[in-house]
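Chain residues, written in single-letter form:
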Amino acid sequence: LHVNYAPFKDEKGEKSGIVMVIQDITEGQKLDNMRKEFVANVSHELKTPLTSIKSYTETLLDGALEQRDVATHFLNVVKSEADRMDRLVRDLLQLSRLDYQRVNWKNKETDLVKIIEDSVLKISINAKNKKQKLNFKTFEKSIIGFADPDKIEQVMINVLSNAIKYTPEGGSINVAVEKEENTGVFRIIDNGMGIPEKDIPRLFERFYRVDKARSRELGGTGLGLSIAQQIIKAHGGTINIRSKEGEGTEVMMRLPLKG
Ligand code: ADP
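Anyway, here's the lowdown on the structure attached to this text.

Cut-offs used in this document
- Residues numbered from 1 in each chain as written.
- Predicted model: local features only at pLDDT ≥ 70, side-chain atom pairs only at ≥ 80, totals over all residues.
- Heavy atoms only, no water.
- Near = heavy atom within 4 Å.
- Polar contact = N/O pair within 3.5 Å; in protein donor to acceptor, adjacent residues only side chain to side chain.
- Areas by Shrake-Rupley, 256 points an atom, 1.4 Å probe, with all protein chains shown as cover.
- 1 Å grid on protein atoms, 1.4 Å probe; cavity = no way out; pocket = protein on both sides within 12 Å on 5 of 7 lines; lining within 4 Å.
- Points joined across faces, edges and corners; volume = space filled by probe spheres on them.
- Helix = DSSP H or I, 4+ residues; strand = E, 2+ residues; numbered from the N terminus.
- Patch = residues over 30% accessible without salt bridge, like charges linked within 9 Å, V, L, I, M, F, W, Y side chains within 5 Å.
- Salt bridge = Lys/Arg side-chain N within 4 Å of Asp/Glu carboxyl O.
- Buried < 20%, exposed > 50% of the residue type's maximum accessible area, 1.4 Å probe, protein only.
- Pairing = 2+ DSSP bridges.
- Contact = heavy atoms within 4.5 Å.
- Axes fitted to C-alpha atoms, helices over the stretch in contact; angles between N-to-C directions.

### Brief notes about the site of the ligand
Here's step 1: With respect to spatial proximity, 20 residues lie near the ligand, and among them Tyr-166, Asp-190, Ser-215, Gly-222 and Leu-225 are the closest.
Here's step 2: Contact between the ligand and Lys-165: an oxygen atom at 3.2 Å from a side-chain N or O atom of the residue.
Here's step 3: A distance of 3.1 Å separates an oxygen atom of the ligand from a polar backbone atom of Val-210.
Here's step 4: Within the complex, 96% of the 530 Å² of free accessible area of the ligand lies under protein.

### Observations regarding the layout of surface pockets
Here's step 1: If you add up the space inside the largest pocket, you get close to 980 Å³.
Here's step 2: Contributing to the lining of the largest pocket are 41 residues, with Asn-158, Ser-161, Asn-162, Lys-165 and Tyr-166 lying nearest its centre.
Here's step 3: The set of elements that each furnish at least two residues to the lining of the largest pocket consists of α2 (68-99), α4 (149-165), β7 (183-190), α5 (212-217), α6 (224-234) and β9 (248-256).
Here's step 4: Sorting elements by how many residues they give to the lining of the largest pocket places α4 first, with 10 residues.

### A few points about a nonpolar patch on the surface
Here's step 1: A surface patch of nonpolar side chains, about 680 Å² in accessible area, is lined by Leu-1, Val-3, Tyr-5, Ile-18, Met-20 and Ile-22.
Here's step 2: For the nonpolar patch, the secondary structure elements donating two or more residues are β1 (2-9) and β2 (15-23).
Here's step 3: Ranked by residue count, the leading element in the nonpolar patch is β2, at three residues.
Here's step 4: Note on placement: Val-3 falls in strand β1.
Here's step 5: According to the relative accessible area criterion, Val-3 is partly exposed, its value standing at 44%.

### Quick look at the pairing of strand β6 (residues 172-180)
Here's step 1: Pairing of strand β4 (residues 133-138) with β6 involves six bridges; the strand directions are parallel. By the bridge assignment, Lys-137 is partnered in β6 with Ala-176.
Here's step 2: Inspection of the sheet shows β6 paired to β7 by eight bridges, in the antiparallel sense. Counterpart to Glu-178 in the pairing with β7 is Val-185.
Here's step 3: In this antiparallel pair of consecutive strands, β6 and β7, the connection spans two residues, and Glu-181 shows a positive phi of 50 degrees.

### Details of the side chain of Glu-45
Here's step 1: Within the secondary structure layout, Glu-45 lies in helix α1 (residues 25-61).
Here's step 2: Not counting residues within four places of it along the chain, the set of residues in contact with Glu-45 comprises Leu-88, Phe-207, Arg-209 and Arg-216.

### Some details on the sheet that holds β7
Here's step 1: Strand order in the open sheet formed by five strands is β4-β6-β7-β9-β8, and the pairing between neighbours is mixed. Every other strand in the sheet has two partners, leaving β4 and β8 (238-244) as the edge strands with one partner each. On average, adjacent strands in this sheet sit at an angle of 15 degrees to one another, irrespective of strand direction.
Here's step 2: Sheet topology note: the β8/β9 ladder contains seven bridges and is antiparallel. Opposite Thr-238, over in β9, you have Arg-254 as the bridge partner.
Here's step 3: Along the sheet face, α4 touches β4, β6, β7, β8 and β9 and points at about 20 degrees away from the line of β7.
Here's step 4: Against the sheet, α6 contacts β8 and β9, and its axis sits at roughly 140 degrees relative to β8.

What follows is the structure, given as structure tokens:
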């Protein structure tokens, strides 16, 4: 706590009181620590693929290029590491645009049922590859909200792809959308690995991952949920996660229907 004070004088120049400013520096320090941690995270996340790109290219230049099948394999690794860097930089740029309110929102009257239906369709191939059941259910023909359809689709695809990624082969994912008074309510429920209770409050932090190695292996940047939360918040909505380790996860999103 920082305290600054000065005497307060009236028109006659006599001291009539005191002005005190109390500043909570712990908040400032917290922010500073978060900033430092963020820079450390970004550097590490970029350095890992970069190191691998460098060593594979060096090996290619040292002669591996002569063996065609080896060369092809190495180049595929280089490509996928470059793709990872690309995903990361894109996510970072999007977060920065959200932070500085430089997003060009294209809000309009939008059918939320159609958005989630389309998202389920687009992601269904991933579920199929893991032999998972992906069910979609709604009692509404359409739920009209005021939203940016591309951004909401991005959020849905992100949450759906997490459900698929963190659920083992043969598992199931249930998707539902309902209307509750003036809100559209989306639920994406999986019966996958779940999330330990202590990690749940931190899931929306940038780069926070329950299992860093697993997330990386599955191609995650650890930024998906922070982006999703910012987009939903910008629409005046909420996103909540309930989960039980070993049993499954439910992501619930609410969007107000009047913009
Ligand atoms: P990532 O790119 O790592 O998937 P996200 O921000 O999308 O990053 O998610 C953060 C973390 O939350 C993930 O690394 C994972 O540990 C956890 N998580 C998200 N969705 C699920 C889910 N459906 N089941 C289990 N864990 C999940």
